[in-house]
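Geometric and topological summary
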Amino acid sequence: MSIIHFHYSSFENSGEIRRIKNINEHLVSQLSDSVIEVAFVSICYWFRKDIRFKLSSKVTRKLVFPVLPFSYSTVLGKHLNSIWTSLIIWCLCLIYKPSVIVGEYSVAGQSLRFVKNSIRCIVDVHGALREEYEYSMGNNADPRMSGCLDYYERAGMAKASYIVCQSNEMKRYLLDKYTFLKEDHVFVYHCYADSSRFHIDQDVRFSVRKEINVLENETVFIYSGGLHRWQKVKESLELFHCYYDKYDSGHMIILTLDVATAQKIVNDDFCDIHDRITIRAVAHDQVPLYLNAADVAFLLRDNVVMNAVASPTKLAEYMSCGLPVITTSVGKCWLEDPGYIFNVDDKNIVDIDHFLKDIKRSNVSEYAHREMSIEVDKEQLHKLIESVKG
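Note that the structure is a prediction, hence the values are computed from the model and not measured.

This part covers the overall build of the chain. Per the secondary structure count, the chain includes 14 helices and 13 strands. In terms of C-alpha radius of gyration, the chain reaches 22 Å, essentially the compact-globule figure of 21 Å for 390 residues. Across its three principal axes, the chain shows a C-alpha extent of roughly 65 × 45 × 40 Å. Expressed as a percentage of the 390 residues in the chain, the buried residues total 54%. Of all intrachain contacts in the chain linking residues separated by at least 6 positions in sequence, the fraction that spans at least 24 positions is 72%.

Structure follows, in structure tokens:
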């Protein structure tokens, strides 16, 4: 059988595309050897060659289509784009006659208007999109756009034969919000870490710490990821600054693709400790090297719904390399055992060393490999695969 797998992602190195690639490899490619990948991208990127990458070797053909202008910023644009992308999917169904369509994101329903009910749809829900929009826009959020996002999310849930979501909290959220959903048709796929790549390596630890001029007894903090406001990088740096002010010791590593912006943040607001901060842009397969050099990782998030239902891939990557995590109370939603979380809502960052003394990195890594490895995710998707194959 052939499968159409569509998404709205442009950049191969983005965090979101790693999840989409994993879904393609561990789900879509297990169902068929004939996979048609469809990417809907901003018209600004449509002509770029670097968006022509394929999700996996099982993709027999990749098709790239532009989304309509203003489809992300206006309600009218979103409705028109829904008709446009739905027409494309409908035409592709006539050409390729897929038995299954896999759509990415909560609003995948916007592109499924004209799909026949005889074609089974799997929707991979990444997050609470309305809540994300309202959080990012604050007081400027348009109630009409909020309603539009809810409308397309509901449309996708109603159209879906099966739903994949990123956490148990997200599954509960969806089942509570959409009472017509069947619990056994909703599957959890966290997008956890690959334990063969993310693990403790003492030799790497010593060599990287030497390379960045860190003393053996210094506590090394690390942040890995983007620099969006919701990722709270400045707040992480402020906490590190407090720690350094107290002990006149410590080092901070920032791994990000946007080195220039990170450097500007440090120069503008933390210039007095700039020599204690290392900023690097590294490929994803190099991230474990620097995680091994660290002692504890930042993953600060606000205590809101969109974060409660999340399952940050970074959490699994950090812990697989033996790192406890500095976060807020929302971290209690991510782990059944919160013992490896330093909650800054309840604790003072200057006490972090006392916290770390009571934790063995090997225990953190073992917990992550047992509970948060990609093998756990594969088991969940295997149940879905068996259900689809019937």
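Additional details are given in the paragraphs that follow.
Time to look at a negative patch on the surface. Negative charge collects at one region of the surface, where Asp245, Asp248, Asp272 and Asp275 lie side by side. Mapped onto the secondary structure, Asp272 falls in the loop between helix H8 (259-269) and strand E10 (277-280).

For the rest of this paragraph, the subject is the environment of Tyr189. The residue Tyr189 is located in the loop between strand E7 (186-188) and helix H6 (202-211) in this model. Separated by 94 residues in the primary sequence, Tyr189 and Ala283 have C-alpha atoms spaced 24 Å apart. Apart from the residues within four sequence positions on either side, Tyr189 is in contact with Arg19, Asn22, Ile23, His26, Val164, Cys165, Gln166, Ile374, Asp377 and Leu381.

One pass over the full model with this rule turns up 15 aromatic pairs. Judged by centre distance (6.4 Å) and plane angle (35°), the ring pair of Phe240 and Tyr244 falls under tilted. Placement of the pair is Phe240 and Tyr244 together in helix H7 (residues 233-247), with a separation of four residues, close to one helical turn. Side by side, Phe240 and Tyr244 carry an identical accessibility label, which is buried. For the pair Tyr243 and Tyr247, a centre-to-centre distance of 5.0 Å together with 50° between the ring planes defines the contact as tilted. Placement of both Tyr243 and Tyr247 in helix H7 is noted, with a separation of four residues, approximately one turn of the helix. Residue class for Tyr243 comes out buried when judged on its relative accessible area of 2%. When its relative accessible area of 33% is taken as the criterion, Tyr247 is described as partly exposed.

Quick notes on the rules
- Residues numbered from 1 in each chain as written.
- Predicted model: local features only at pLDDT ≥ 70, side-chain atom pairs only at ≥ 80, totals over all residues.
- Heavy atoms only, no water.
- Helix = DSSP H or I, 4+ residues; strand = E, 2+ residues; numbered from the N terminus.
- Rg over C-alpha atoms; globule rule 2.2 N^0.38 Å.
- Buried < 20%, exposed > 50% of the residue type's maximum accessible area, 1.4 Å probe, protein only.
- Contact = heavy atoms within 4.5 Å.
- Patch = residues over 30% accessible without salt bridge, like charges linked within 9 Å, V, L, I, M, F, W, Y side chains within 5 Å.
- Areas by Shrake-Rupley, 256 points an atom, 1.4 Å probe, with all protein chains shown as cover.
- Salt bridge = Lys/Arg side-chain N within 4 Å of Asp/Glu carboxyl O.
- Lys, Arg positive; Asp, Glu negative; His and termini not counted.
- Charge placed at Lys NZ, Arg CZ, Asp CG, Glu CD.
- Phe/Tyr/Trp six-rings, centres within 6.5 Å; stacked < 30°, edge-to-face > 60°.

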